Amino acid sequence: PLEVLVRAIENAAAKEEMGILRKEWNSTNSCFNTYRYVQNASTNNAAIAAGEALSFNNTLGTIVSNDISDASQNQPAGVGIGAISDNYYGWIVTGGYYATVGTNGDDDIADGATIILSSADGDCDSVAAGTASTHMPLGIAVAADVDADNTVAAYLTVAEL
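Quick caveat: nothing in here was measured; it's all calculated off a predicted structure.

Some thoughts on the pairing of strand β7 (residues 114–117)
And step 1. Where β7 meets strand β8 (residues 124–127), four bridges bridge the pair, whose relative direction is antiparallel. Note on β8: the bridge partner recorded for Leu117 is Cys124.
And step 2. From the end of β7 to the start of β8, which pair antiparallel, there are six residues, and Gly122 there has a positive phi angle of about 70°.
And step 3. Both β7 and strand β9 (residues 139–141) contribute to a ladder of two bridges, which runs antiparallel. If you follow Thr114 over to β9, its bridge partner there is Ile140.

Structure, rendered in structure tokens:
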């Protein structure tokens, strides 16, 4: 599966069409995941790590950042699946199940809550199920957050944005 192949792969030059989506069967979780080929923004000076919530840094949906000040909470891009250095290229997950999305640590995400980008870099926050969100959803929590790890399992929904 793509997820296994790309975890440790990042490239200094683009190896795929920028912004391209790829849907793959995830045999570990028995579901489909959607991935997007992107560039890590050159402005944040930080590598993307697995589990980090990412925002789009440009209007074309090809450059992402884990630094929320580079974009906005209304520009969810997906979640990192492996290291992508500053200004390098690689894959992120944008749709389907992801077990360990980083949270803002306030330990209040319930199963079924809408997951949104946090105002903290690389993290997500939540809006209670049934409550209208003021930010574009990143996904839906499929379990309560894991307090000790500051992570939450989620079904990501930004694949086609």
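Continuing now.
Observations regarding empty space enclosed by the protein
And step 1. With the rule as written, the count across this model stands at one cavity of 30 Å³ or more.
And step 2. What lines the largest cavity is Ala53, Leu54, Ser55, Ser65, Asn66, Ile68, Leu117, Ser118, Ala120, Asp121, Gly122 and Asp123.
And step 3. It is strand β3 (residues 53–56) that provides the largest number of residues to the lining of the largest cavity, a total of three residues.
And step 4. Of the residues belonging to the lining of the largest cavity, the class tally is five nonpolar, five polar and two charged.

Comments concerning the packing of aromatic side chains
And step 1. Applying the stated criterion across every chain, the model contains three aromatic pairs.
And step 2. Judged by centre distance (6.5 Å) and plane angle (15°), the ring pair of Tyr37 and Tyr89 falls under stacked. Here the residue Tyr37 occupies a position in strand β2 (residues 31–40), and Tyr89 occupies one in strand β6 (residues 89–102), the gap between them amounting to 52 residues.
And step 3. Residue class for Tyr37 comes out buried when judged on its relative accessible area of 2%.
And step 4. Among the aromatic residues, ring-to-ring pairing joins Tyr37, Tyr89 and Trp91 into one connected group.
And step 5. Its end group placed over the ring of Phe32, Lys23 keeps NZ or CZ at 5.8 Å from the ring centre.

What about the environment of Thr134?
And step 1. For Thr134, the location among the structural elements is in the loop between β8 and β9.
And step 2. According to the relative accessible area criterion, Thr134 is exposed, its value standing at 66%.
And step 3. For Thr134 and Ile116, which are 18 residues apart along the polypeptide, the C-alpha to C-alpha distance reads 9.2 Å.

Overview of the nonpolar core
And step 1. Counting residues in hydrophobic clusters, the biggest one holds 22 residues, and the most contacted among them are Val101, Ile115, Cys124, Leu138 and Leu156.
And step 2. When residues of this core are traced back to their parent elements, those giving at least two are β2, β6, β7 and β10 (151–157).
And step 3. Broken down by element, this core gets its largest block of residues, five residues, from β6.
And step 4. Beyond its immediate chain neighbours, meaning those up to four positions away, Ile115 contacts Ile109, Cys124, Asp125, Ser126, Pro137, Leu138, Gly139, Ile140, Ala141, Val152 and Ala154.
And step 5. The next biggest cluster of nonpolar side chains, apart from the first, holds eight residues, and it includes Val38, Phe56, Val64 and Ile84.

What counts and how
- Residues numbered from 1 in each chain as written.
- Predicted model: local features only at pLDDT ≥ 70, side-chain atom pairs only at ≥ 80, totals over all residues.
- Heavy atoms only, no water.
- Pairing = 2+ DSSP bridges.
- Helix = DSSP H or I, 4+ residues; strand = E, 2+ residues; numbered from the N terminus.
- 1 Å grid on protein atoms, 1.4 Å probe; cavity = no way out; pocket = protein on both sides within 12 Å on 5 of 7 lines; lining within 4 Å.
- Points joined across faces, edges and corners; volume = space filled by probe spheres on them.
- Nonpolar A, V, L, I, M, F, W, Y, C, P; charged D, E, K, R; others polar.
- Phe/Tyr/Trp six-rings, centres within 6.5 Å; stacked < 30°, edge-to-face > 60°.
- Buried < 20%, exposed > 50% of the residue type's maximum accessible area, 1.4 Å probe, protein only.
- Lys NZ or Arg CZ within 6 Å of the ring centre and 35° of its normal.
- Core = buried A, V, L, I, M, F, W, Y, C linked by side-chain atoms within 4.5 Å.
- Contact = heavy atoms within 4.5 Å.

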